[in-house]
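# Coordinates in review
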Amino acid sequence: MREKNIDIEIRPDNARVSNLSIFLTRQESKFPRLFNLILYVVLPLFFLVCWPIFCGHFLAVLERTSELKANDEIFAFRANETMRLDSLIVIVQRGYDDCFEQYQQKSSSAFVNITELKSFMQDCTSLEVQRSHEIKEEIKKDLDEFYTAQTSFSWNTCAKNETMLSHAEQSSFAYDHWNASFHQLQETYLNIDGESDKEESIRLAMGNATASDSCILNSLGGSFFWFTIMTTIGYGNTAPVTPQGMTLVIILGFVSILAFATFSVAAGNVITTISDDFLRRVKLKRMTKGWTSVIFWLITFVLAVLLLAEVTRLYNNKLVNNESDGLWTFKERCWFSFISLTTVGLGDYHINHEAFSLSDMFYLPPILLLGFICVANFLDKFSQAVAVTWENIKITNESTLADILHTRHIRCLTVSGKKPKSEDSVYARSMSVYDNVSSKDVLADEDESIVDF
């Protein structure tokens, strides 16, 4: 009775599995191209786009606080340097006293001529003060550019609205909020400690001021960063710095790379099969093999590079608000496309994370993934063409390296008086060679060391 009950419980599941298998088989037989495109290309690519969104969000959560803290420290250094510049103006203004003393020494009259004094003081101090202001503005501009470049917004977005997302705009916006926080804290510490502790209040305010209230989590920036991990591009423009973030990348990053490799191979095989079938149908069978097929897939790779270059232009236009400053030239965009699709990822050009949005996630990564498939198919056709060429010009023969090593293994066993087992795969693959080995060949190999094979 138990066995019957078990059968009753198992049969519905088997029936469901069988029905699903029959349904899929029928659909594949009716629409073979569409079925395989959806199952092995569209769905895997959709997964490869969505998976980084999931992982990138958690990575951004782990890295957000560390980035905010680093930016606050940069803002503190920037404010401190600005204050030091302001102090230079004060020193120059003290030159008024020196000028007045010079006037007293120069004047022979006991009475002060106001008009003469005013003219003398202007002549004495105007050039120094004007020049000091010019020097201050020049140095301040250089400092602003330097500290702006040091800030990062890979895991946070600090912007007033969606049209101010460039790196410089976000840095300026965050610094203004940091300054407001600094002055508010300084006033608070001054009210508590009094004017005598002004320097201490400045030090405390700099240590505790923050711009974190002006920033929100940049999950999508983390998503694109995860995409570069999964595809092994690795531009190097940013990286996790917390132990938790590094651990997440080590564990889930390795899983992501395995998924990318698996799905890319499957998608590449399907696209190659469908394209070869199409070429045969349109009487272009010659383009499915040999060096002609290599040229065909090389052209598709070049087209993928050009397509990615154009898409990159559209993305950068959004980043710099349609201004010419900061845009890449056509040559630079093609260079970026090449190092991306070949997964070299040198880092000299890369996609900035600051303005990355959800819509960008569904056109930039898919184009990159299709480009990877073109590269993989080109390399596959190239390796096949090279192998055929080598065989035609007799560079290689029918014996493979495995056959040669198996043969030497058989000979070594024979010399030592041990006959390989018939069920041994090595013996099975090399039996014909073993049967043809003469005693003369065995004696010739008698002195050979086993390590030699």
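Computed from a predicted structure; not experimentally measured.

### Some details on the layout of surface pockets
Empty space among the atoms becomes apparent when a probe as large as a water molecule is rolled across them. In this structure, the second largest pocket occupies an estimated 260 Å³ of space. Taken together, 17 residues make up the lining of the second largest pocket; nearest its centre are Phe372, Ile373, Val375, Ala376 and Asn377. Secondary-structure elements contributing two or more residues to the lining of the second largest pocket are helix H8 (243-281) and helix H12 (364-392). No other element matches the seven residues that H12 contributes to the lining of the second largest pocket. For the lining of the second largest pocket, the residue count by class is eight nonpolar, eight polar and one charged.

### A few points about a nonpolar patch on the surface
A cluster of nonpolar side chains, namely Phe31, Leu34, Ile38, Leu39, Tyr40, Val42 and Leu43, defines an oily patch on the protein surface of about 620 Å² accessible area. Tracing the backbone shows Ile38 in helix H2 (residues 32-93). Residue classification places Ile38 among the partly exposed positions, given a relative accessible area of 39%.

### Side note on the state of the cysteines
Counted by the stated rule, this structure contains one disulfide. With its sulfur 1.8 Å from that of its partner, Cys158 forms a disulfide with Cys215. Across the disulfide from Cys158 to Cys215, rotation about the S-S bond amounts to roughly 105°, and the bridge is consequently right-handed. One end of the pair, Cys158, is in the loop between strand E1 (156-157) and helix H5 (167-193); the other, Cys215, is in the loop between helix H6 (198-208) and strand E2 (216-217), with 57 residues separating them in the sequence. Considered together, Cys158 and Cys215 belong to a single accessibility category, that of buried residues.

### Let's talk about the side chain of Asp72
With respect to the helices and strands, Asp72 occurs in helix H2. No salt bridge is formed by the buried Asp72; its nearest oppositely charged neighbour, Lys69, is found at 9.3 Å. Engagement of the side chain of Asp72 in a polar contact is seen with the side chain of Thr210, the distance being 2.8 Å. Dropping the residues within four chain positions of it, Asp72 is found in contact with Trp178, Ala209, Thr210 and Ala211.

### Quick notes on the packing of aromatic side chains
A complete count under the given rule lists 21 aromatic pairs for this structure. Ring plane angle 20° and centroid distance 5.9 Å describe the contact between Phe47 and Trp51, whose orientation is recorded as stacked. Here Phe47 pairs with Trp51, and both are found in helix H2, just four residues apart, close to one helical turn. Taking the relative accessible area as the measure of exposure, Phe47 reaches 35% and is therefore partly exposed. Relative to Phe225, the ring of Trp155 has its centre 5.3 Å away and its plane inclined at 85°; by these criteria the two rings are edge-to-face.

### Brief notes about empty space enclosed by the protein
According to the stated counting rule, one finds one cavity of 30 Å³ or more in the structure shown. Here the largest cavity is characterised by a volume of approximately 40 Å³. If you go around the largest cavity, the residues you meet are Leu68, Asn71, Asp72, Phe75, Phe153, Cys158, Ala174, Ala211, Ser212 and Cys215. When residues in the lining of the largest cavity are grouped by element, the largest group, four residues, is from H2. Class assignment for the residues of the lining of the largest cavity results in seven nonpolar, two polar and one charged.

### Let's talk about the nonpolar core
Of all hydrophobic cores here, the largest spans 44 residues; its most connected members are Trp226, Phe227, Leu341, Phe356, Leu369 and Phe372. At the level of elements, H2, helix H7 (219-230), H8, helix H9 (290-319), helix H10 (330-341) and H12 are the ones that each hand at least two residues to this core. For this core, the element with the most residues is H2, which contributes eight residues. Not counting residues up to four positions away in its chain, the partners in contact with Trp226 are Trp51, Pro52, Cys55, Gly56, Leu59, Leu248, Val249, Leu252, Gly253 and Ser256. In terms of nonpolar packing, the next biggest core, distinct from the first, is built from 18 residues, Leu68, Ala79, Cys158 and Ala174 among them.

### A look at the confidence of the model for the chain
Here the chain shows a mean pLDDT of 80. Residues at 70 or above account for 77%. Highest mean pLDDT in the chain belongs to H10 (95); lowest belongs to helix H15 (residues 439-444) (41). Predicted confidence is poor over residues 1-11, with pLDDT under 50, and the contacts of this stretch with residues over four places away or in other chains come to zero contacts. The model gives residues 425-453 a pLDDT under 50, and that stretch makes 35 contacts with residues more than four places away or in other chains.

Rules behind the numbers
- Counting from 1, residues in each chain are numbered in the order their sequence is written.
- A pLDDT threshold of at least 70 governs which residues receive local features in this predicted model, and a stricter bar of 80 or more applies before side-chain atom pairs are shown or counted, although totals over entire chains, interfaces and linings include all residues.
- Excluding hydrogens and water, the side-chain figures rest on all heavy atoms present in the structure.
- For each structure, a 1 Å grid was placed over the protein atoms alone; sets of points admitting a 1.4 Å probe that cannot get out are labelled cavities, open sets with protein on both sides within 12 Å along at least five of seven lines are labelled pockets, and lining residues have an atom within 4 Å of a point.
- Grid points are joined across faces, edges and corners, and a volume is the space filled by probe spheres set on the points.
- Counting from the N terminus, the helices are DSSP H or I runs at least four residues long and the strands are E runs at least two residues long.
- Each residue gets one label: Ala, Val, Leu, Ile, Met, Phe, Trp, Tyr, Cys and Pro are nonpolar, Asp, Glu, Lys and Arg are charged, and the others, such as Gly, are polar.
- In this analysis, a patch consists of residues with relative accessible area above 30% that form no salt bridge, clustered at 9 Å for like charges and at 5 Å for the nonpolar side chains Val, Leu, Ile, Met, Phe, Trp and Tyr.
- Here, Shrake-Rupley sampling with a 1.4 Å probe gives the accessible areas, and only protein chains in the shown set may cover a residue.
- Salt bridges are defined by distance alone: a side-chain nitrogen of Lys or Arg within 4 Å of a carboxyl oxygen of Asp or Glu.
- The buried label goes to any residue with under 20% of its type's maximum accessible area, the exposed label to any with over 50%, and the partly exposed label to all in between, with areas taken from a 1.4 Å probe on protein chains only.
- Disulfides are defined as pairs of cysteine sulfur atoms found within 2.5 Å of each other.
- Positive charges come from Lys and Arg, negative ones from Asp and Glu, while His and the chain ends are left out of the count.
- By the criterion applied in these results, polar contacts are pairs of N or O atoms within 3.5 Å in which, for protein atoms, one can donate a hydrogen and the other can accept it, and in which residues neighboring in sequence qualify only through two side-chain atoms.
- In what follows, a contact means two residues having at least one pair of non-hydrogen atoms within 4.5 Å.
- Stacked, edge-to-face and tilted labels apply to pairs of Phe, Tyr and Trp rings (six-membered ring for Trp) whose centres lie within 6.5 Å, assigned for plane angles under 30 degrees, over 60, and everything in between, in that order.
- As used in this record, nonpolar core signifies buried Ala, Val, Leu, Ile, Met, Phe, Trp, Tyr and Cys residues forming a set joined through side-chain atoms within 4.5 Å.
- You can read pLDDT as the predictor saying how much it trusts each residue, on a scale of 0 to 100.

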